[in-house]
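# Descriptive structure summary
Next come the chains, spelled out residue by residue.
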Amino acid sequence: MSGILSAIKLREAGFDDFTIYEKADRLGGTWRENIYPGISCDVPSHLYSYSFEPNPEWSHRFSPGSEIQAYFEGVARRHGVTPRIRFGAEITSAAFSAGRWQLETKSGDHDEVDVVIAATGVLHHPNMPAIEGLSRFGGALFHSARWDHTAQLDGRRIGIVGTGSTAVQIVSAIVDRVARLSLFQRTAQWIMPQENPAYSAEKQAEFRRRPELLEELHADTARLFAAFSNGLVDANSPQMKMIEEACRANLEQNVRDPLLLEKLRPNYRAACKRLVMSCDFYQAIQKPNAEVVTAGIERIEVEGVRTRDGRLHELDLLVLATGFRVDRFMRPMQVVGRDGLRLDTVWAQRPSAYLSISIPGFPNLFMLNGPNGPVGNFSLIEVAELQMGYVLRLVELLREGHCREISPSEDATQRFEAERTEAARHTIWGSGCRSWYLDDRGVPMSWPFTFDRFREEMAAPKIEAYQLA
Ligand SMILES: Cc1cc2nc3c(=O)[nH]c(=O)nc-3n(C[C@H](O)[C@H](O)[C@H](O)COP(=O)(O)OP(=O)(O)OC[C@H]3O[C@@H](n4cnc5c(N)ncnc54)[C@H](O)[C@@H]3O)c2cc1C
């Protein structure tokens, strides 16, 4: 998504000498890799679209992953981006030397470039849980982002580890096919009820005829989500109270068995963890062949999962829906900035960046969806579009010859990080739960200000925050 966007926007701005390096043999990133049953976006499709490429064909309010993958392939084709992608080219090293970036690929190719845009994704490196005996399991076992469609589901005993958005989507999609479904829950989740109606053929035809309707829909949904995300940054905002109420009512009105209800009731505030959207999870998990297992996993054995209460849950397939290593960003790529400064050293404690885009000592290197950017329940496409607009303004300074090198000052970055950290403590993500939003100190790794402020910051760089050389 971000790489394709960069190419389109670079070309629009008159830059034509660029290459997209993609380590895989196909574009799509997240949507190429996450092909588990039930995958869909969880922000409305008409918002999860580039603003300049509205799509009248979305089948549902939250369309499936295969449609999203096809959408990105279509956009890349129509904009002539696909031929500019060098597939099978993993960048293993980027080093700034004599004013330019020296890139090396895994196969040993070498390139020299003026500017690097890291569009390497945030939910990209699967997080493998440290559970004893994973390699001993006798059935099929994989991470949800490495789904093996040759593994049989029908009539089998399936275990799912994790209760985030992915696990919830998988449960609803497969429960009717499998003999038994065991959901291994460490933490209960608040579930926001979200209907997912299909768009009728007539509606799609109307969207095709009247593109202004699509633009309005995109703009209206963006406004709604901005209002929602403005509320996230104040744990006591009316938006958060509304969400809490909707989630509580969803749980209490839809789960009949009081014991199960208490198992599924989180002990933290709604939206503290990434809010899970579903219209049918509670129905699915109450099917007679489904079970929520809360005893805690002791170890994996050949036959299945042994929980701490001594029980063995015999399984044919175990899915690890355990999320991603969100502190990686462009790593394991070796990134070396000015005077031999290593990114691994700068980020040894935790990743940080000025406005989530650039890092002191790493000139002419810009990130899309980098550290501490907005990651709440809204469209990362919109985030990347705003960031790319900002990056282009910096690149413009290089083109116009104002400078040869641009990087944020240490001082501006430290001030930003101090303000960000302080604000992050007051957000809903810092209201007392364990989640992938939190860094090693328990501080939310996210944009803690309003989305309006993000938009304002992205509208124009503050040049005084940068060192121009
Ligand atoms: C299951 C799931 C559901 C999601 N749902 C939503 C949603 O509903 N709404 C939303 O806004 N976001 C959602 N996201 C977040 C999603 O990741 C982003 O929306 C978006 O797809 C990210 O695009 P990207 O291009 O920035 O990164 P990615 O899609 O991760 O793409 C990064 C690309 O860079 C390549 N790459 C990485 N390192 C290198 C290297 N060293 N050399 C060469 N190539 C490299 C990768 O192979 C990959 O193709 C979801 C994520 C997941 C995992």
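One can find the structure itself at the top, above this paragraph.
Heads up: these notes are all about the structure in this document. Predicted model only: the values in this text are computed from it and were never measured.

### Some details on empty space enclosed by the protein
All told, the structure shown has 5 cavities of 30 Å³ or more when counted by the stated rule. Contributing to the lining of the second largest cavity are G162, T163, A167, V168, V171, L183, Q185, A188, Q189, I191, L264 and F281. Sort the elements by how many residues they give to the lining of the second largest cavity and helix α4 (residues 165–174) lands first, with 3 residues. Residue composition of the lining of the second largest cavity, by class: 8 nonpolar, 4 polar and no charged.

### As for the site of the ligand
The environment of the ligand is made up of 30 residues, and the closest members are S2, E22, T30, D42 and Y48. Here an oxygen atom of the ligand and a backbone polar atom of M1 are 3.1 Å apart. For the ligand, an oxygen atom lies 3.0 Å from a polar atom in the side chain of R32. Protein chains bury 94% of the 980 Å² of accessible surface belonging to the ligand in isolation. Listing elements by their share of the shell around the ligand, those giving two or more residues are β1 (20–22) and α2 (30–33). Per-element accounting of the shell around the ligand gives the leading share, 3 residues, to α2. Broken down by class, the residue content of the shell around the ligand amounts to 15 nonpolar, 10 polar and 5 charged.

### A closer look at the environment of S93
Mapped onto the secondary structure, S93 falls in strand β3 (residues 91–97). C-alpha of S93 to C-alpha of H149: the two residues are 56 residues apart in sequence and 33 Å apart in space. If near-sequence neighbours (up to four positions away) are discounted, S93 is found in contact with Q102, L103, E104, M333 and Q334.

### Notes on the pattern of salt bridges
Tallied over the full model, the rule gives 44 salt bridges. Of the charged contacts in the structure, one is a salt bridge between R32 and E22, with a shortest N-O distance of 3.5 Å. Of this pair, R32 sits in helix α2 while E22 sits in strand β1, placing them 10 residues apart in sequence. Grouping residues by exposure puts R32 and E22 together as buried. Note that E206 and R210 form a salt bridge whose closest N and O atoms lie 3.6 Å from each other. Within the structure, one salt-bridge network assembled from shared partners comprises E22, R32, E33 and R146.

### As for the state of the cysteines
Throughout the structure, instances matching the rule amount to 1 disulfide. Paired through a disulfide, C272 and C433 show a sulfur-sulfur distance of 2.1 Å. The S-S bond linking C272 to C433 shows a torsion near -95°; that makes this disulfide left-handed. Taken together, the positions of C272 in the loop between α8 (258–264) and β11 (276–278) and C433 in the loop between α12 (410–424) and α13 (451–459) put the pair 161 residues apart, joining distant regions of the chain. In terms of burial, C272 and C433 fall into one category: buried. Looking at C41, it has no disulfide partner, and the nearest cysteine sulfur is the one in C279, 13 Å off. Cysteine C247 remains unbridged, with the sulfur of C272 as its closest cysteine sulfur at 12 Å.

### Comments concerning the packing of aromatic side chains
Across all of its chains, the model carries 21 aromatic pairs by this definition. Sitting above the plane of the F18 ring, R84 keeps its charged end 4.1 Å from the centroid.

### Points about the nonpolar core
Ranked by internal contacts, the top residues of the largest apolar core, which has 130 residues, are F72, W101, I160 and M330. Residue contributions to this core peak at 13 residues, all from helix α11 (residues 380–399). Residues within four places of F72 in sequence aside, it is in contact with M1, I4, L27, W31, Y48, Y50 and I381. Within the second largest apolar cluster, 12 residues are counted, among which are F137, V161, V305 and L315.

### A look at the environment of P461
Relative to the assigned elements, P461 resides in the loop between α13 and β20 (466–468). Spatially, the C-alpha atoms of P461 and L355 are 9.9 Å apart, while their sequence positions differ by 106 residues. For P461, the contacting residues outside a window of four places in its chain are Y390, R393, L394 and Y466.

### Section: the sheet that holds strand β17 (residues 334–336)
Reading across the sheet, the 4 strands line up as β5-β4-β3-β17 and stay open at both edges, with mixed pairing between neighbours. A strand with exactly one partner marks an edge of an open sheet, and here the two such strands are β5 (110–113) and β17. Within this sheet the neighbouring strands show an average axis-to-axis angle of 15°, counted without direction. Sheet topology places strand β4 (residues 100–105) next to β5; 4 bridges connect them, and they run antiparallel. Paired with L103 across the two strands is D111, which belongs to β5.

### Description of the packing of helix α6 (residues 211–232) against α13
Interhelical geometry of α6 versus α13 gives an angle of 105° and a closest axis separation of 8 Å. Of the possible angle classes, the one that applies to α6 and α13 is roughly perpendicular. Residues A226, S229 and N230 of α6 form the contact with α13, whose own contacting residues are F451, D452 and R455. The residue makeup of the contact of α6 with α13, split by class, is 2 nonpolar, 2 polar and 2 charged.

### Digging into the environment of R420
Secondary-structure assignment places R420 in helix α12. A C-alpha to C-alpha distance of 9.1 Å links R420 and M445, two positions 25 residues apart in sequence. Every residue in contact with R420, bar those within four places of it in the chain, is listed here: N372, R441, P444, M445, S446, P448 and F449. For R420, the side chain forms a polar contact with the main-chain oxygen of P444, separated by 3.1 Å.

Cut-off values and rules
- Residues numbered from 1 in each chain as written.
- Predicted model: local features only at pLDDT ≥ 70, side-chain atom pairs only at ≥ 80, totals over all residues.
- Heavy atoms only, no water.
- 1 Å grid on protein atoms, 1.4 Å probe; cavity = no way out; pocket = protein on both sides within 12 Å on 5 of 7 lines; lining within 4 Å.
- Points joined across faces, edges and corners; volume = space filled by probe spheres on them.
- Helix = DSSP H or I, 4+ residues; strand = E, 2+ residues; numbered from the N terminus.
- Nonpolar A, V, L, I, M, F, W, Y, C, P; charged D, E, K, R; others polar.
- Near = heavy atom within 4 Å.
- Polar contact = N/O pair within 3.5 Å; in protein donor to acceptor, adjacent residues only side chain to side chain.
- Areas by Shrake-Rupley, 256 points an atom, 1.4 Å probe, with all protein chains shown as cover.
- Contact = heavy atoms within 4.5 Å.
- Salt bridge = Lys/Arg side-chain N within 4 Å of Asp/Glu carboxyl O.
- Buried < 20%, exposed > 50% of the residue type's maximum accessible area, 1.4 Å probe, protein only.
- Disulfide = S-S within 2.5 Å.
- Phe/Tyr/Trp six-rings, centres within 6.5 Å; stacked < 30°, edge-to-face > 60°.
- Lys NZ or Arg CZ within 6 Å of the ring centre and 35° of its normal.
- Core = buried A, V, L, I, M, F, W, Y, C linked by side-chain atoms within 4.5 Å.
- Pairing = 2+ DSSP bridges.
- Axes fitted to C-alpha atoms, helices over the stretch in contact; angles between N-to-C directions.
- Parallel < 35°, antiparallel > 145°, perpendicular 65-115°, else oblique.

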